[in-house]
Structures are given as C-alpha cells and as structure tokens.
Amino acid sequence: QDGIGLCLNVDWCKSSNSFEHSIGFVFLTILNLPRSERMKNENMILVGVIPGPKEPDFRQINHLLLPMVQELNIMEKGEVFTFGSNGISKVCKVKLFCVSCDIPASR
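Residues numbered from 1 in each chain as written. Predicted model: local features only at pLDDT ≥ 70, side-chain atom pairs only at ≥ 80, totals over all residues. Heavy atoms only, no water.

### Details of the pattern of salt bridges
In the structure shown here, the tally under the stated rule is one salt bridge. Its salt-bridge partner being Lys40, residue Glu37 comes within 3.0 Å of it at the nearest N-O pair. (Salt bridge = Lys/Arg side-chain N within 4 Å of Asp/Glu carboxyl O.)

### A few points about the environment of Leu65
With respect to the helices and strands, Leu65 occurs in helix α2 (residues 58-76). On the accessibility criterion, Leu65 (15% relative accessible area) is buried. (Helix = DSSP H or I, 4+ residues; strand = E, 2+ residues; numbered from the N terminus. Buried < 20%, exposed > 50% of the residue type's maximum accessible area, 1.4 Å probe, protein only.)

### What to know about the pairing of strand β2 (residues 22-30)
Where strand β1 (residues 2-14) lies against β2, nine bridges are found, and the strand directions are antiparallel. Looking at β2, one finds that Asp11 is bridged to Phe25. As judged from the six bridges shared by β2 and strand β3 (residues 44-50), these two strands associate in the antiparallel manner. By the bridge assignment, Leu28 is partnered in β3 with Ile45. (Pairing = 2+ DSSP bridges.)

### As for a nonpolar patch on the surface
There is a patch of nonpolar side chains on the surface, built from Phe25, Leu46 and Val49 and spanning about 270 Å² of accessible area. Following the sequence through the fold, Leu46 ends up in strand β3. Relative accessible area serves as the criterion here: at 55%, Leu46 is assigned to the exposed category. (Patch = residues over 30% accessible without salt bridge, like charges linked within 9 Å, V, L, I, M, F, W, Y side chains within 5 Å. Areas by Shrake-Rupley, 256 points an atom, 1.4 Å probe, with all protein chains shown as cover.)

### Notes on the nonpolar core
Leu8, Val26, Met68 and Leu72 are the most contacted members of the largest nonpolar core, which totals 13 residues. Those elements giving two or more residues to this core turn out to be β1, β2 and α2. It is α2 that provides the largest number of residues to this core, a total of five residues. The residues touching Leu8, leaving out its near neighbours within four places in the chain, are Val26, Phe27, Leu28, Met68, Leu96, Cys98, Val99 and Ser100. (Core = buried A, V, L, I, M, F, W, Y, C linked by side-chain atoms within 4.5 Å. Contact = heavy atoms within 4.5 Å.)

### Observations concerning α2
Remark: the principal bend of α2, roughly 45 degrees, maps to Leu65, with a proline, Pro67, within the next four residues. Restricting attention to buried positions, one finds in α2 the residues Ile61, Leu65, Met68, Leu72 and Met75. Where α2 is buried, its residues contact β1, β2, β3, β4 (79-83) and β5 (88-101). The opening residue of α2 is Asp57, an N-cap whose side-chain oxygen sits 3.1 Å from the backbone nitrogen of Arg59. Just downstream of α2, Gly78 is the residue with a positive phi angle, here 115 degrees. (Bend = angle between axes of the 7 residues up to and from the residue. Polar contact = N/O pair within 3.5 Å; in protein donor to acceptor, adjacent residues only side chain to side chain.)

Below, the structure is given as structure tokens:
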C-alpha cells in the first residue's frame, strides 16, 4: 500500500480592509512532494477560511476542524484513489504527520 503524508497549516492575517479584523486559513500540504512543490497553490488543500473578526478560541476551532478530522480518520484506514491519466486505482492510506502554525494557533 502506498501512503500520503499531510501537514496541517493554520495561519492568520489581518484583513486588507481593516487592521482590526483577522482572517484565518486552514490548509493541508502534501509531504510526499518535494519541498519546492509543497506550497504551490495547485498543491495545497484548502480546508477552511475563518472570517473572524477575531481568532476563535480552542472550542470553536475544534468544532471547525471536526469534519476534517473525521475524514482523515476514514482515510487513515485506506481509501481507493485513482492516479494519473491512465486511471490506475490503488489503495492508499492518508495520515496527518504534523501541524505547522504559530503559538496562538497551536493553543
């Protein structure tokens, strides 16, 4: 069986319209890709955008991440994926290996 490793990334930035409002981005990067390819837009998986105006507390962020966690639990057991233009199907396990975020997001 083949496997795909993921990194969960959480980042916040100030809205371009206001210095008082923050926008959060939650996305996955594929660790199997070379470092030079991981952060390209076409290779990132957007999990969610959190509009703010403030960063959520841990209960709120856990609620927002729950669907992703449930999906990862299913995919960790193995899913059939079709790869490439020739339509080869393989059973592949997907695992979350790490989280990349600043200290406030980690809490």
